[in-house]
Amino acid sequence: MTYRIQLDRDVCISSGRCVAEAPESFRFDDDEIVALVPGGPRLTDEQIFDLARDCPSGAIRVFDGDEEIDVY
């Protein structure tokens, strides 16, 4: 199954967990808010769910098509 990530910039608290765990896929923008690295590698489903669960603010949202997945 192919999941996709959507980042909620209004919820991000810039904890840096995602950047530390997957620096090839996540970075901080000029406002110190998380952003996806353009052209970054495709994350596995397990990585996507782990990153979303580890985000303290819930800014990493996971979708299957148009449906949001509850990662907890």
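Above this note sits the structure.
Residues numbered from 1 in each chain as written. Predicted model: local features only at pLDDT ≥ 70, side-chain atom pairs only at ≥ 80, totals over all residues. Heavy atoms only, no water.

J.: Tell me about the layout of surface pockets, residues and numbers included.
T.: Looking at the largest pocket, its volume works out to about 160 Å³. Around the largest pocket, the lining residues are Y3, R4, I5, S25, L36, V37, G40, P41, R42, L43 and I48. Split by residue class, the lining of the largest pocket holds seven nonpolar, two polar and two charged. (1 Å grid on protein atoms, 1.4 Å probe; cavity = no way out; pocket = protein on both sides within 12 Å on 5 of 7 lines; lining within 4 Å. Points joined across faces, edges and corners; volume = space filled by probe spheres on them. Nonpolar A, V, L, I, M, F, W, Y, C, P; charged D, E, K, R; others polar.)

J.: Which residues make up the sheet that holds strand 4 (residues 60–64), and what are the values?
T.: The pairing of strands in a sheet comes from backbone hydrogen bonds and takes either a parallel or an antiparallel form. As summarised here, the arrangement of the three strands in space is 1-4-5, forming an open sheet in which the pairing is antiparallel. At either end of the open sheet lies a strand with only one pairing partner, and these are strand 1 (4–7) and strand 5 (67–69). Between one strand and the next, the sheet's axes are offset by a mean angle of 45°, whatever the strand orientation. Relative to strand 4, strand 1 runs antiparallel, the two being bridged by four bridges. Each bridged residue has a counterpart across the sheet, and for R4 the counterpart in strand 4 is F63. Taken strand by strand, helix 2 (residues 45–54) contacts strand 1, strand 4 and strand 5, and its axis lies near 140° from that of strand 4. (Pairing = 2+ DSSP bridges. Helix = DSSP H or I, 4+ residues; strand = E, 2+ residues; numbered from the N terminus. Axes fitted to C-alpha atoms, helices over the stretch in contact; angles between N-to-C directions. Contact = heavy atoms within 4.5 Å.)

J.: Would you mind going over the pattern of salt bridges in detail, with residue names and values included?
T.: Pairing is possible between side chains of opposite charge, provided their charged atoms come close. Throughout the structure, instances matching the rule amount to four salt bridges. Note that R61 is salt-bridged to E68, the shortest N-O span being 3.0 Å. The exposure class of R61 is partly exposed, given its relative accessible area of 23%. Several salt bridges converge on common partners, so that one network encompasses R9, D29 and D31. (Salt bridge = Lys/Arg side-chain N within 4 Å of Asp/Glu carboxyl O. Buried < 20%, exposed > 50% of the residue type's maximum accessible area, 1.4 Å probe, protein only.)

J.: With reference to specific residues and values, describe empty space enclosed by the protein.
T.: Inspection of every chain in the model, using the stated rule, returns one cavity of 30 Å³ or more. There is about 80 Å³ of room inside the largest cavity. Lining the largest cavity are 13 residues, with C12, S15, G16, C18 and C55 sitting closest to its centre.

J.: Go over the packing of aromatic side chains with me, naming the residues and quoting the values.
T.: Enumeration according to the criterion identifies one aromatic pair in this entry. Seen from their ring centres, Y3 and F49 are 5.0 Å apart, and the 90° between their planes marks the pair as edge-to-face. Pair noted here: Y3 is in the segment before strand 1 and F49 is in helix 2, with a separation of 46 residues, a long-range link. A relative accessible area of 14% means that F49 is categorised as buried. The positively charged end of R4 is found above the aromatic ring belonging to F63, 4.5 Å away from the centroid. (Phe/Tyr/Trp six-rings, centres within 6.5 Å; stacked < 30°, edge-to-face > 60°. Lys NZ or Arg CZ within 6 Å of the ring centre and 35° of its normal.)

So yeah, pure geometry; function would need other evidence.
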